[in-house]
Amino acid sequence: MARTKELENKVLACVIREYIASAEPVSSRAIVEKYIPTISAATVRNIMVGLENQGVLTHPFTSSGRIPTNRGYKYYVDTLLVSPEPEDSIKHAIHEALNRTPSDIEMLLNLTSRLLGTMTDEIGVAMAPVFMKGVVNDIQLLELSGDRLLLVFQIENGLVKTVMVETRQVLNKSRLHFIQSLFKELFVGVNLYTMKRKLERILNDIPKGERGLVELICDQIEQQMMPRIHTSENYSFLAKPEFREPAKSAVVHLLMTDGWMFRLREKISGTIQTNSLTLLTGDDIDFVSGTNCSVLMSGFTLGNLEGTLAVVGPSRMDYDFIVPLLGFVRRKINEKINNIKEGI
């Protein structure tokens, strides 16, 4: 029984790798000629039938070869895929790129999304954590031109989050000093959810002429502290065979809106596990039927906060390359954050 399962797994892995490479249904003859010459085509056909009965393979036409199902891809990623380290040249490029990035988390994640997109030729995604949960160690207020202020939040573990707000009025130095002193009292030592409750308690103690300004600034801070999704905007994968019309037009429409990103964020909150890889298919995230898209994602940690890295592409994406790449980038992000924390 163990030997039979081992052979089934081997055939399934071969079918998936061949289909990823060719984008054509895979025949038993191709498996024998390219991958397993020690068994007959008839044996492979029988195994393929069994795999189809298990729901991990299917065939688009009666007389065609087999292709993987979403369930088959998931089984491959979760069970069969061996994930070696990326090549040294790729590891060096990632290391150099991330080390040049400042400690501002949004800049770091923006670069990371573009890095993933470039290296995979798919869409790279980096989602910031919910900063509202992070404890603020310090806050600085910088005056910009006109009615704009820049708030620099020093969040736990040495992370920096900048927020630009519009006051709708030019503030003199006395009012600027008042706002900075008040915000240090409100923010430092607590997370932003606690700050909101704290503000509600002391709002009546704030001079009447300043209440509207304080509430205006706090509303803008809350909006900008919500998780931001950075994408590489790399749509070259749409040239692949599975995205011919009409599926291609559906994917383009989907990716040019924010809807898919919000669904992704909602799905992540209940699915993703820190420092692990998760594969979601189009069905999991409500992609348009027939779009053949999948999302490979991984969580990373920022102290008590959690963010997410992902690669969005066709279900037929190169998992053998992308899985170890995503794992390595995740580890480098965690390393970068630890270095920020330790002041390295």
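Residues numbered from 1 in each chain as written. Predicted model: local features only at pLDDT ≥ 70, side-chain atom pairs only at ≥ 80, totals over all residues. Heavy atoms only, no water.

Asker: I'd love a proper account of the nonpolar core, names of residues and values included.
Answerer: If you look at soluble globular proteins, the nonpolar side chains tend to sit buried side by side. Ranked by size, the top nonpolar core spans 86 residues in total, and within it Leu151, Phe153, Phe183, Phe187, Ile217, Ile221 and Tyr319 carry the most contacts. Broken down by element, the residue count for this core peaks at nine residues, all from helix 12 (residues 319-342). Apart from residues no more than four positions distant in its own chain, Ile221 is found in contact with Leu151, Phe153, Val163, Val165, Phe183, Phe187 and Leu192. Within the second largest apolar cluster, 13 residues are counted, among which are Ile123, Val125, Ile229 and Leu238. (Core = buried A, V, L, I, M, F, W, Y, C linked by side-chain atoms within 4.5 Å. Buried < 20%, exposed > 50% of the residue type's maximum accessible area, 1.4 Å probe, protein only. Helix = DSSP H or I, 4+ residues; strand = E, 2+ residues; numbered from the N terminus. Contact = heavy atoms within 4.5 Å.)

Asker: Could you give an account of unusual backbone geometry, with specific residues and numbers?
Answerer: If you check the backbone angles, Ala23 has positive phi at about 60 degrees while not being a glycine. Considering the arrangement of structural elements, one finds Ala23 in the loop between helix 1 (2-22) and helix 2 (28-34). Accessibility expressed as a relative area gives 18% for Ala23, which makes it buried. Of note, the phi angle at Asp121 is positive, near 60 degrees, even though the residue is not glycine. Mapped onto the elements, Asp121 comes out in the loop between helix 6 (105-120) and strand 3 (123-127).

Asker: Please provide a residue-by-residue account of the pattern of salt bridges, values included.
Answerer: Evaluation of the coordinates by the stated rule reveals 10 salt bridges. A salt bridge links Arg17 to Asp320; its shortest N-O distance comes to 3.6 Å. A residue pair is termed long-range when its members are at least 10 positions apart, and Arg17 in helix 1 and Asp320 in helix 12 qualify at 303 residues. Using a relative accessible area of 28% as the deciding quantity, one classes Asp320 as partly exposed. Among the salt bridges present, the one from Lys161 reaches Glu106, with a minimum N-O distance of 2.6 Å. Note that Lys161 is positioned in strand 6 (residues 159-166) and Glu106 in helix 6, a separation of 55 residues in sequence. Under the relative-accessibility criterion, Glu106 is labelled buried at 8%. By sharing partners, the salt bridges in this structure join Glu85, Lys91 and Arg331 into a single network. (Salt bridge = Lys/Arg side-chain N within 4 Å of Asp/Glu carboxyl O.)

Asker: Tell me about the sheet that holds strand 8 (residues 277-281), and please be specific about residues and values.
Answerer: One open sheet accounts for five strands, arranged 7-3-10-9-8; its pairing is antiparallel. Only two strands of the sheet have a single neighbouring strand rather than two, namely strand 7 (229-231) and strand 8. Averaged over all pairs of adjacent strands, the angle between strand axes in this sheet comes to 20 degrees, irrespective of strand direction. Looking at chain direction, strand 3 and strand 7 are connected through three bridges and run antiparallel. Among the inter-strand pairings, Val125 is bridged to a residue of strand 7, identified as Thr231. Lying over the sheet, helix 4 (residues 70-80) contacts strand 8 and strand 9 (293-302), oriented at roughly 175 degrees with respect to strand 8. (Pairing = 2+ DSSP bridges. Axes fitted to C-alpha atoms, helices over the stretch in contact; angles between N-to-C directions.)

Asker: Lay out empty space enclosed by the protein with the relevant residues and their values.
Answerer: Evaluation of the coordinates by the stated rule reveals one cavity of 30 Å³ or more. The space that makes up the largest cavity amounts to roughly 40 Å³. What lines the largest cavity is Glu143, Leu144, Gly146, Asp147, Arg148, Leu149, Thr167, Gln169, Val170, Leu171 and Leu176. Of the residues assigned to the lining of the largest cavity, the class counts are five nonpolar, three polar and three charged. (1 Å grid on protein atoms, 1.4 Å probe; cavity = no way out; pocket = protein on both sides within 12 Å on 5 of 7 lines; lining within 4 Å. Points joined across faces, edges and corners; volume = space filled by probe spheres on them. Nonpolar A, V, L, I, M, F, W, Y, C, P; charged D, E, K, R; others polar.)

Asker: Any details on helix 6? Residues and values, ideally.
Answerer: Each α-helix turn comprises 3.6 residues. Residues three or four places apart therefore point the same way. Under the 1.5 Å per step criterion, the end-to-end length of helix 6 is 22 Å for 16 residues, consistent within 8% with the ideal 22 Å. Phi for Asp121, located one or two positions after helix 6, is positive at around 60 degrees. (Expected span 1.5 Å × (residues − 1).)

Asker: Requested: an account of the packing of aromatic side chains, with residues and values cited.
Answerer: Applying the stated criterion across every chain yields a total of three aromatic pairs. Where Tyr73 meets Tyr319, the ring centres are 5.7 Å apart and the plane angle is 50 degrees; that geometry is what we call tilted. A residue pair is termed long-range when its members are at least 10 positions apart, and Tyr73 in helix 4 and Tyr319 in helix 12 qualify at 246 residues. Relative accessible area serves as the criterion here: at 0%, Tyr319 is assigned to the buried category. Consider the rings of Phe183 and Phe187, whose centres lie 5.3 Å apart with planes at 75 degrees: the pair is edge-to-face. Taken together, the residues Phe183 and Phe187, both in helix 7 (residues 173-187) and four residues apart, mark about one turn of the helix. Overall, the relative accessible area of 1% leaves Phe183 in the buried class. (Phe/Tyr/Trp six-rings, centres within 6.5 Å; stacked < 30°, edge-to-face > 60°.)

Asker: Got a sec to walk through the packing of helix 5 (residues 88-99) against helix 6? Specific residues and values, please.
Answerer: With their axes 10 Å apart at the nearest point, helix 5 and helix 6 run at an angle of 155 degrees to one another. The pairing of helix 5 with helix 6 is recorded here as roughly antiparallel in orientation. Handedness of the helix 5/helix 6 crossing: right-handed. Residues Ile90, Ala93, Ile94, Ala97 and Leu98 of helix 5 lie in contact with helix 6, whose contacting residues are Leu108, Leu111, Thr112, Leu115 and Met119. Residue composition of the contact of helix 5 with helix 6, grouped by class: nine nonpolar, one polar and no charged. (Parallel < 35°, antiparallel > 145°, perpendicular 65-115°, else oblique. Left-handed = near helix turned anticlockwise from the far one by under 90°.)

Asker: Describe the packing of helix 8 (residues 192-202) against helix 9 (residues 208-225), naming the residues involved and giving the relevant values.
Answerer: Contact geometry of helix 8 with helix 9 gives a least axis separation of 12 Å together with a crossing angle of 160 degrees. Considering the angle they form, helix 8 stands roughly antiparallel to helix 9. Crossing of helix 8 over helix 9 shows left-handed handedness. Residue-level contacts link Leu192, Met195, Lys196 and Leu199 of helix 8 to Val214, Cys218, Ile221, Glu222 and Met225 of helix 9. Of the residues that constitute the contact of helix 8 with helix 9, the class distribution is seven nonpolar, no polar and two charged.

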